[in-house]
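# Descriptive analysis of the structure
As a plain string of letters, each chain reads:
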Amino acid sequence: MCYRRGMHGDSSIDLLSSPDMAQAVPGVFHGFFTIRGEAIMQWDILFFFNSVLLGVGLAMDAFSVSLANGLNEPRMSRRRMLGIAGVFAAFQALMPMTGWICVHTIVQYFRAFEKLIPWIALALLGFIGGKMLIEGIRGGGGDDDAAPRLGLGALLVQGLATSIDALSVGFTIAEYDWLMALVCSLIIAAVTLCICLGGLVLGRKFGMRLAGRAQILGGAILIFIGLEIFISSFLS
């Protein structure tokens, strides 16, 4: 282990190198101090950079679902788009903080629950996507104005399904204190908000061109995302 040791009063302070940090907490690559064995994370540019990258990675499922929502509702207003993206962002902020709290309180139970995450995501997205798919087929490719709007219940289910895997981020940011974990979660939420707005805009644009087939495509995308989360959990 490579580090520099200095003195601060009567307390020894170690500055660990980035490789040490990478081994301690996978996915986090900035240095940190240890004061009498206690880890103190640094507020530096890499902290914010890593938080943004984490947000981009976590937002990909929400982006795809937002794309499907835009396809299903091509005449969605800007205010409604902001509300939908805000729900996804709120869930993406809530889940990492919930994971962080679980790691510091009931870690043994959290590890057992973690195995159920891909099954829950598959069930939730499969249900919503299958419902959209069936409604699109029954509609016979009619006018998109007849397509049902995304309800609050379905939106909350989507938000939960696309963010539940972010509970595992609690292990990645376990060395953060509560303030840094909160800031990281808020950065993830901001990134998710922007990415989901982009997905809604793209979906709305193409939904207008796809006419009655948009709802079928949107449902198929949701089912695919559920399968992707489920299969990738066993491959990783």
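Since this is a predicted model, take the numbers as computed values, not measurements.

### Notes on the overall build of the protein
Tallying secondary structure elements over the protein gives nine helices and four strands in all. Its helices and strands in sequence order give the protein the pattern β-β-α-β-β-α-α-α-α-α-α-α-α, from N to C terminus. Counting the 236 residues in the protein, one finds 44% classified as buried. For the protein, the accessible surface area stands at approximately 12200 Å², while carbon and sulfur atoms represent 68% of it.

### Details of the side chain of Ser 51
Within the secondary structure, Ser 51 sits in helix α2 (residues 45–72). The contacts of Ser 51, once residues within four sequence positions are left out, are Cys 184, Ile 187 and Ile 188.

### Overview of the environment of Asp 165
Within the secondary structure, Asp 165 sits in the loop between α6 (152–163) and α7 (169–172). For Asp 165, a relative accessible area of 27% puts it in the partly exposed group. Among residues more than four places away in sequence, those in contact with Asp 165 are Asp 61 and Ile 117.

### Concerning the confidence of the model for the protein
For the protein, per-residue confidence averages 76 on the pLDDT scale, and residues scoring 70 or more make up 75% of the total. When pLDDT is averaged over each helix and strand of the protein, the minimum, 38, is found for strand β1 (residues 3–8) and the maximum, 93, for helix α3 (residues 78–103). Below a pLDDT of 50 lies the segment residues 1–39, which in the model reaches 76 contacts outside its immediate sequence neighbourhood of four places, other chains included.

### Observations concerning the pattern of salt bridges
Opposite charge on two side chains allows them to pair when their charged atoms are near. As enumerated under the stated definition, the model contains one salt bridge in all. Close ionic contact of Arg 80 with Glu 73 constitutes a salt bridge, the shortest N to O distance being 2.8 Å. Judged by its relative accessible area of 18%, Arg 80 falls in the buried class. Under the relative-accessibility criterion, Glu 73 is labelled buried at 9%.

### Structural notes on the nonpolar core
Of all hydrophobic cores here, the largest spans 48 residues; its most connected members are Ile 84, Phe 88, Leu 125, Ile 173, Tyr 176 and Leu 222. Among the elements of the structure, α2, α3, α5 (117–138), α6, α8 (178–210) and α9 (214–235) are those that each provide at least two residues to this core. Take this core: its biggest share by element is eleven residues, from α3.

### So, the packing of aromatic side chains
In total, this model carries three aromatic pairs according to the counting rule given. Taken together, a centroid distance of 5.4 Å and an interplanar angle of 70° make the contact between Phe 47 and Tyr 176 edge-to-face. With Phe 47 in helix α2 and Tyr 176 in the loop between α7 and α8, this residue pair connects regions lying 129 residues apart in the sequence. No difference in accessibility class separates Phe 47 from Tyr 176, as the two residues are buried. Ring geometry for Trp 119 and Phe 230: centres 4.7 Å apart, planes at 80°, overall edge-to-face. Placement of the pair is Trp 119 in helix α5 and Phe 230 in helix α9, with a sequence separation of 111 residues. Residue Phe 230 is classed as buried on the basis of its relative accessible area, which comes to 17%. Each residue in the set Phe 47, Phe 48 and Tyr 176 is aromatic and connected to the rest through ring pairs, giving one cluster.

### A closer look at α2
End to end, α2 covers 39 Å across 28 residues, agreeing with the expected 40 Å (1.5 Å per residue, within 8%). Where α2 bends most, the angle comes to about 40°, and this point is Met 60.

### Describing the packing of α2 against α3
α3 packs onto α2 with a crossing angle of 160° between their chain directions and a minimal axis gap of 11 Å. With respect to α3, the element α2 is oriented roughly antiparallel. Taken as a pair, α2 and α3 cross one another with a handedness that is right-handed. Only Ile 84, Phe 88 and Gln 92 of α3 make contact with α2, whose side of the interface consists of Leu 58, Ala 59, Ala 62, Val 65, Ser 66 and Asn 69. Residues of the contact of α2 with α3, tallied by class, amount to six nonpolar, three polar and no charged.

Rules used in this analysis
- Along each chain, residues carry numbers from 1 onward, in the same order as the chain's sequence is written.
- A pLDDT threshold of at least 70 governs which residues receive local features in this predicted model, and a stricter bar of 80 or more applies before side-chain atom pairs are shown or counted, although totals over entire chains, interfaces and linings include all residues.
- Side-chain metrics rest on all non-hydrogen atoms present in the structure, leaving aside hydrogens and water.
- Working definition: helices are DSSP H or I runs of at least four residues, strands are E runs of at least two. Numbering for both runs from the N terminus.
- Buried residues are those whose accessible area, probed at 1.4 Å on protein chains only, stays under 20% of the maximum for their type, while exposed residues exceed 50% and partly exposed ones sit between those limits.
- Surface accessibility in these figures is a Shrake-Rupley result with a 1.4 Å probe; residues are shielded only by whichever protein chains are displayed.
- When checking whether two residues touch, look at their non-hydrogen atoms; a contact exists if any pair is within 4.5 Å.
- For every residue, the pLDDT score states the predictor's confidence, bounded by 0 at the bottom and 100 at the top.
- Criterion for a salt bridge: a side-chain nitrogen of Lys or Arg within 4 Å of a carboxyl oxygen of Asp or Glu.
- Throughout, nonpolar core names a set of buried Ala, Val, Leu, Ile, Met, Phe, Trp, Tyr and Cys residues whose side chains join them through atoms within 4.5 Å.
- When two rings of Phe, Tyr or Trp (its six-membered ring) have centres within 6.5 Å they constitute a pair, described as stacked for plane angles under 30 degrees, edge-to-face for angles over 60, and tilted for the intermediate range.
- For a helix, the expected span equals 1.5 Å multiplied by the residue count minus one.
- Bend angle per residue: angle between axes fitted to the 7 residues ending at that residue and the 7 residues starting there.
- Axis angles are defined between N-to-C directions and span 0 to 180 degrees, where every axis is a line fitted to C-alpha atoms and, for a helix, only to the segment in contact.
- Throughout this description, any angle smaller than 35 degrees is read as roughly parallel, any larger than 145 degrees as roughly antiparallel, any in the 65 to 115 degree range as roughly perpendicular, and the remainder as oblique.
- Crossings are assigned a handedness: left-handed for a near helix turned anticlockwise from the far helix by less than a right angle, right-handed for a clockwise turn.
- Ten residues, namely Ala, Val, Leu, Ile, Met, Phe, Trp, Tyr, Cys and Pro, are considered nonpolar, four, namely Asp, Glu, Lys and Arg, are considered charged, and the remaining ones, Gly among them, are considered polar.

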